[in-house]
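This is what each chain is made of:
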Amino acid sequence: MAATAAITTTSSPSLVDTLFQRSLDDVIRALRSSPSSASEETVISRALDEIRREIRSPDLDTKSVSLQKLTYLSSLHHLDLSWAAFHALELLPSPSLPHARIGYLAASLSFHPSSTELLPLATHQLRKHFAPSPANPPALAASALHLLALASSPDLGRHLASDLLPLLSSQSAASSSLRAKAVATALRTLAVCPDVAPVLFKPLVDCLSSSDPRTVSAAVGAFCELALAAPDPFPYLPLAPEFYRLLVDSRNNWVLIKVLKIFARLAPLEPRLASRILDPICQLLRRSHAKSLVFECIRTILSSLTDHEEAVRLAVDKVKEFLSSDDDPNLRYLGLRALSMLESAHPWVVEESREAVIKSLSDPDTNIRVESLHLIVGMLCESNVVEICNLLNKYAMKSDPEFANEIIGAMLVTCGKNLYELILDFDWYVALLGEMVRNPHCAKGEEIERQLVDIGLRVRDARPELVRVARDLLIDPALLGNPFLFRVLSASAWVSGEYVEFSRNPVELVEALLQPRINLLPSLIRAVYIQSVFKVMSFCFISFIEQIQAVELLSVGGSTQRSEKNDEQSDTVPLKTTESNVSEGDHGDTTADTVLLLDLIDKKTNFTRESISDLMNLIETAVAPLSECEEVEVQERARNVLGLLFTLRETQFWNIEAAHELKSDKELSEIIELLEAAFSEELGPVSANAQKRVSVPEGLNLNANLSDLSKILTDYDLTPSASISFSLQSYNPQETKEDSVLAVEPSSLLAEHRKRHGLYYLSTQRDGDELNDYPRANEPLLPVDHGDATEDLVKLTTPSLVPRKSKPTKPRPVVIRLDEGDGTSTSHLTTVKKSDNLLSEAIRGVLLENESQPSLSGKLDTSSKRRENDASDNSELISQQIESVTLEHGNSSSRKSRQHRTHKERYESHFKNEDIEKSSRHSIKSSRQHRRHKHRQRGDVTADIVPQTPAIQDFLL
Amino acid sequence: MIRAVIVMNTQGKPRLLKFYDFQPPEKQKELIRSVFAVLSGRPDNVSNFVEADAIFGPGTRLVYKHLATLYFIFVFDNSENELAMLDLIQVFVETMDRCFKNVCELDIVFNFNKMHAIVDEIIFGGQVLETSSEQVMKAVEEISRLEKSSNSISFVPKAVSGRFGR
């Protein structure tokens, strides 16, 4: 046997193995009888060994069976087949149909247009199989087409495009299925290789008017694909009459669906087309029983014909039918999707079906629930946001984890949209954020963290409530167990430190921040905790001192009280003087400060010497161990806290009874001054573009290769994550300065590292003005996450003059927003992808050329007359095409939009290319002046197009 | 267009795979796994559509039908109609039922080539070409008739080897 002869050289498989080849069924049986996946592996590897042997056999039977086995294994057991590509090609020329089909199947499943350099070898064979001859049964030609369709590479397409033509234009009924396959293949070829459009496009158009329904269906499918994929469907507009004919005449739902899809794309381009197709579509909508067709009609109306009230009404009625079909979740789901299409254009529609939508929120089907959730959050407005969000939040508590997070995420996105434009009552919203965190399934920690901090920065009035919520979160023992919420805790810690002046009980706060269980948190968050302790401690100390000062000044200012601090009656007048004395540099709102101070005196009366030193002892006990912590961020901050603590103790402030003593103690007053300066600067939101405005320090090369950094880092045995990462606090350079002044034991390791590699650190010398421009370390500005950056930008840059409804009860607090209008526009421009118009351009070229051909035959006179008439026509379509003519003659119409012009230019350049190609093809004209001449000639050709387009126009009217 | 046709059983084993955009074998494995993870989590009597953006890229969705031990899955993009795809699955299943006389998973397992022939008659290069199961069956029968007639001449040795090799 031939198989054995070929194999005798290789190892020594048993005689039975080599003598009798196992068939595909045998392999499948062996696979099925293998009990475990491990034994399956051995079966596969054994089969592979066999295949490798057999496939080299010169006997085509043996080869084809082994290739068949290989194809099976590769398709369903994910083996790589590329090594056998050549063997597949070897089978193609076999006179036996099964051999060739096996070869084609293997090739079509495994060939990749760009990875197989063997494809060119198949060109000839494919061409042979395309040729209509009795030797090629349709099954063979179909397989060949299939390979071309699936593996078509631009080269293959270019070579074989013209060979598809006989198949596309054959009229015999027997080959109708083959013709449809050729259409589908032509589509794929066009997609990978747009420059075959001149060859293939015209036959495809002809297929639309074929008498064979199968061909028409395939052709409509192909055009649907092309029109939907085209970045600009304009080139397909001239085919509208053909599609209209199909829309009216065809009874095939598949064809109608595709035609509707094409019209959905074309209708927005041409208003008269829209009014023309409206009637047939409504008819279909009323008449058809096929739900798929009805849904497509609805979709077409809701996406492209929303200006036509009556049609929308009709579609909405059908949508309601869908929504109320209790037995079919598919229809309910699609009904909700249809509603969401209308959400922005016709909100009343969603309002009308409100009940059904809300009911769907408890549907057993996740799809339906998610759609209904999106519709519900889409309905949110200023007046109902509180009510609906409260409901949703309660609902989230009861739902399964995945959907709960879906709900929470949707609420966060909607409420946070456009800088919380829906939110009037921030106290409520902050409390809601707190409640979201209580949901045991909540995994949206990062977004909640961002919003907590962001609201703190932007909304001054929300801070007291924010601090209250943050405190509740910090003392909640349950939250420490959920890693998704660590970020929320970090935000809470930061908020309570930054806005500690609103806290009712700072001591309790310190206790919460230093509870032993914070060891569960990652080091970066612990660092934030400790930094907050630092802030709280300095705040307590300053208020204690201020208290002494205030009491003193009160008494000095003429009031009779001397020892009682808690008397509020007489405060107002003397306090004004206090104010002017204490804060000279502050030109802010004095009354507000007075109130603040009043508040202070009111609240902080319970700071006694004892309570302060108790607080200090507490902090010392809890923080001291951390100063030995292995994580640098924690260690550094802990040492800062201890440093401040010891410095304060040294001053022996508790000996001070009165303010004049305070002044005499120079060291103490210096410290107080520093502390006040450290935290008086308020942090604000940072413009997303701020980073661009920061000038790069001289000698700093941001593009330098940092690969040597890791080497340096390993030298110091510092974990890179700890030394490179930033915490929320670290972006306040002033604060850092203070820290380093106050720290008695600077963490020497890090300092030395900084000194030595100062090159890699940004200079810290910035004055206060620039401070606000400095981006937060975690601002999503790094080029790595572009998505976030643009998203943030869009949020930040929405025009701040959004018309607001009158606020009925409570004035909405001020939300700080940054105005940077031009930021958006540019970024938007850059995000718009440069679409490759290659195919549309090619098709436009072909279509216009097609159209121009008949008109060449002596219609020139009438055409020019018509042109004059049409010049006054308002159709964009015409103006655009006239443009190419008028520009030629140097009088440009004033109506042309800029866009059209660029359009046209591209179009023109394309023509130029085509001209060159043409001339080279016919190799008649080659000189440069010829091209110029042709240019003019082309002008005439486009002039001839004009009469053709009115033909469409007339039809549409 | 249709991006992929997948038949897998309820254990996640693929029985028929057809990707109309080339996918390397490793990627196929991953796709199958993620599709199975999504489908196995869905209860019965819910809608048959799944957004597949995360698995097959933006704008793609899949429609599936769960029959006996098998999932039939079509992946498609916005140029197809959801309900029409659902109908197409029905056509596909009906055709198999006709071809194999009461189809079951085993038929699909042991008729690799025929399954591909059926799919290729219905969907070609991602385009739906035939929606009548009768026509599909005719075409498939014609192919097997032609294959047999050319088999009878050249495949004698194989028939022998097939019988002995079991």
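Treat the numbers as computed from the prediction; the structure is a model and nothing was measured.

(A) Just the environment of Leu39 of chain B, in detail. Residues and elements named next belong to chain B. Here Leu39 shows up in helix H1 (residues 25-40). Sequence-wise, Leu39 and His66 are 27 residues apart; in three dimensions their C-alpha atoms are separated by 9.2 Å. Not counting residues within four places of it along the chain, the set of residues in contact with Leu39 comprises Val50, Leu62, Tyr64, Tyr71 and Ile73.

(B) A look at the pairing of strand S2 (residues 14-19) of chain B. Residue and element names in this part refer to chain B. Across the 6 residues that make up S2, a large majority, 6, are buried. The sheet contact formed by strand S1 (residues 2-9) and S2 spans 5 bridges and is antiparallel. Paired with Ala4 across the strands is Phe19, a residue of S2. Taken together, S1 and the strand that follows it, S2, pair antiparallel across an intervening segment of 4 residues, in which Gly12 is found at a positive phi of about 90 degrees.

(C) Up close: the confidence of the model for chain A. Residue and element names in this part refer to chain A. Looking at chain A, the pLDDT average stands at 73 and 66% of residues meet or exceed 70. Put simply, helix H43 (residues 786-797) is where chain A has its lowest mean pLDDT, 36, and helix H15 (residues 253-266) is where it has its highest, 93. Under a pLDDT of 50 for its full length, residues 763-808 has, in the predicted model, 71 contacts with residues more than four places off or in other chains. Considering only residues more than four positions removed or in separate chains, one finds that residues 821-835, a stretch of pLDDT under 50, has 9 contacts.

(D) Examining the pattern of salt bridges more closely. Enumeration over the complete set of coordinates arrives at 51 salt bridges over all chains. With its nearest N and O atoms 3.0 Å apart, the salt bridge here joins Glu142 of chain B to Arg145 of chain B. Separated by 3 residues within a single helix, Glu142 of chain B and Arg145 of chain B lie in helix H6 (residues 133-154), roughly one turn from each other. Glu142 of chain B sits in the partly exposed class, given a relative accessible area of 37%. According to the relative accessible area criterion, Arg145 of chain B is partly exposed, its value standing at 49%. Residues participating in the shared-partner salt-bridge network are Lys261, Glu296, Arg299, Arg337 and Glu371 of chain A together with Glu51, Arg61 and Glu82 of chain B.

(E) Highlighting the interface of chain A and chain B. Counting from both sides, the interface comprises 72 residues of chain A and, opposite them, 66 residues of chain B. Buried area between chain A and chain B, both sides added, is near 5900 Å², and the carbon and sulfur share of it is 60%. Scanning the region where chain A abuts chain B turns up 8 salt bridges. Where chain A packs against chain B, one counts 25 residue pairs in polar contact (both at pLDDT 80 or more).

(F) Spotlight on the side chain of Glu105 of chain B. All names here are of chain B. Checked against the element boundaries, Glu105 lands in helix H4 (residues 105-110). Side chain to side chain, Glu105 and Asn9 meet in a polar contact 3.1 Å long. At a separation of 2.8 Å, a polar atom in the side chain of Glu105 contacts the side chain of Thr69. Setting aside chain neighbours within four positions, we find Glu105 in contact with Asn9, Arg15, Thr69 and Leu70.

(G) Quick look at the packing of helix H33 (residues 609-623) of chain A against helix H34 (residues 632-651) of chain A. Residue and element names in this part refer to chain A. Two elements in contact, H33 and H34, have axes separated by 10 Å at closest approach and are oriented at 145 degrees. Seen from above, H33 lies across H34 with left-handed handedness. Taken together, the residues of H34 that come into contact with H33 (itself represented by Met616, Asn617, Ile619, Glu620 and Val623) are Ala638, Val641, Leu642, Leu645, Phe646, Leu648 and Arg649. Grouping the amino acids of the contact of H33 with H34 by side-chain chemistry returns 9 nonpolar, 1 polar and 2 charged.

(H) The side chain of Ser210 of chain A, seen in detail. Residue and element names in this part refer to chain A. Within the element layout of this structure, Ser210 appears in the loop between helix H12 (197-208) and helix H13 (213-229). When its relative accessible area of 14% is taken as the criterion, Ser210 is described as buried. A distance of 3.2 Å separates polar atoms of two side chains, one belonging to Ser210 and the other to Arg179. If we ignore the near neighbours within four places in the chain, the residues touching Ser210 are Arg179, Thr215 and Val216.

(I) Structural context of H33 of chain A. Residue and element names in this part refer to chain A. The terminal C-alpha atoms of H33, which comprises 15 residues, lie 21 Å apart, in line with the 21 Å expected from a rise of 1.5 Å per residue. For H33, the complete set of buried residues consists of Ser611, Ile612, Leu615, Met616, Ile619 and Val623. Summarising the axial view, the buried residues of H33 lie within an arc of 140 degrees, below the 170-degree limit, and thus occupy one face. Within H33, the exposed residues directed more than 90 degrees away from the buried face are Glu610, Asp614 and Thr621.

(J) View of the environment of Pro347 of chain A. All names here are of chain A. Positionally, Pro347 belongs in helix H20 (residues 347-352). Since its relative accessible area comes to 47%, Pro347 is described here as partly exposed. With 31 residues separating them in the primary sequence, Pro347 and Gly378 have C-alpha atoms 9.0 Å apart.

(K) Inspection of unusual backbone geometry at higher detail. The backbone of His78 of chain A shows a phi angle near 55 degrees, a positive value even though the residue is not glycine. Located in the positive-phi region is Asn102 of chain B, a residue other than glycine, with phi close to 65 degrees. You can call Asn102 of chain B exposed: its relative accessible area is 63%.

(L) A look at the sheet that holds strand S4 (residues 61-67) of chain B. Residue and element names in this part refer to chain B. Taken in spatial order, the 5 strands of this open sheet run S2-S1-S5-S4-S3, and their pairing is antiparallel. If you trace the sheet from one side to the other, it starts and ends with S2 and strand S3 (49-51), each paired once. Within this sheet the neighbouring strands show an average axis-to-axis angle of 15 degrees, counted without direction.

(M) Inspection of the nonpolar core at higher detail. Core analysis: the largest hydrophobic core is formed by 253 residues, its most contacted members being Phe223, Tyr236, Tyr429 and Ile619 of chain A together with Phe92 of chain B. The element that contributes the greatest number of residues to this core is helix H30 (residues 523-556) of chain A, accounting for 15 residues.

(N) Seen up close, a negative patch on the surface. Residue and element names in this part refer to chain A. Among the surface-exposed residues, Glu650, Glu667, Glu670, Glu673 and Glu676 lie close enough to one another that they form a single negatively charged patch. A total of 4 residues in the negative patch trace back to one element, the largest contributor, which is helix H36 (residues 666-680). Inspection of the secondary structure puts Glu676 in helix H36. The exposure class assigned to Glu676 is partly exposed, which follows from its relative accessible area of 33%.

Rules used throughout
Residues numbered from 1 in each chain as written. Chains lettered and ligands numbered in written order. Predicted model: local features only at pLDDT ≥ 70, side-chain atom pairs only at ≥ 80, totals over all residues. Heavy atoms only, no water. Helix = DSSP H or I, 4+ residues; strand = E, 2+ residues; numbered from the N terminus. Contact = heavy atoms within 4.5 Å. Buried < 20%, exposed > 50% of the residue type's maximum accessible area, 1.4 Å probe, protein only. Pairing = 2+ DSSP bridges. pLDDT = per-residue confidence, 0-100. Salt bridge = Lys/Arg side-chain N within 4 Å of Asp/Glu carboxyl O. Buried area = accessible area lost by both parts, 1.4 Å probe. Polar contact = N/O pair within 3.5 Å; in protein donor to acceptor, adjacent residues only side chain to side chain. Axes fitted to C-alpha atoms, helices over the stretch in contact; angles between N-to-C directions. Left-handed = near helix turned anticlockwise from the far one by under 90°. Nonpolar A, V, L, I, M, F, W, Y, C, P; charged D, E, K, R; others polar. Expected span 1.5 Å × (residues − 1). Arc of directions from axis to C-beta. Core = buried A, V, L, I, M, F, W, Y, C linked by side-chain atoms within 4.5 Å. Patch = residues over 30% accessible without salt bridge, like charges linked within 9 Å, V, L, I, M, F, W, Y side chains within 5 Å. Areas by Shrake-Rupley, 256 points an atom, 1.4 Å probe, with all protein chains shown as cover. Lys, Arg positive; Asp, Glu negative; His and termini not counted. Charge placed at Lys NZ, Arg CZ, Asp CG, Glu CD.

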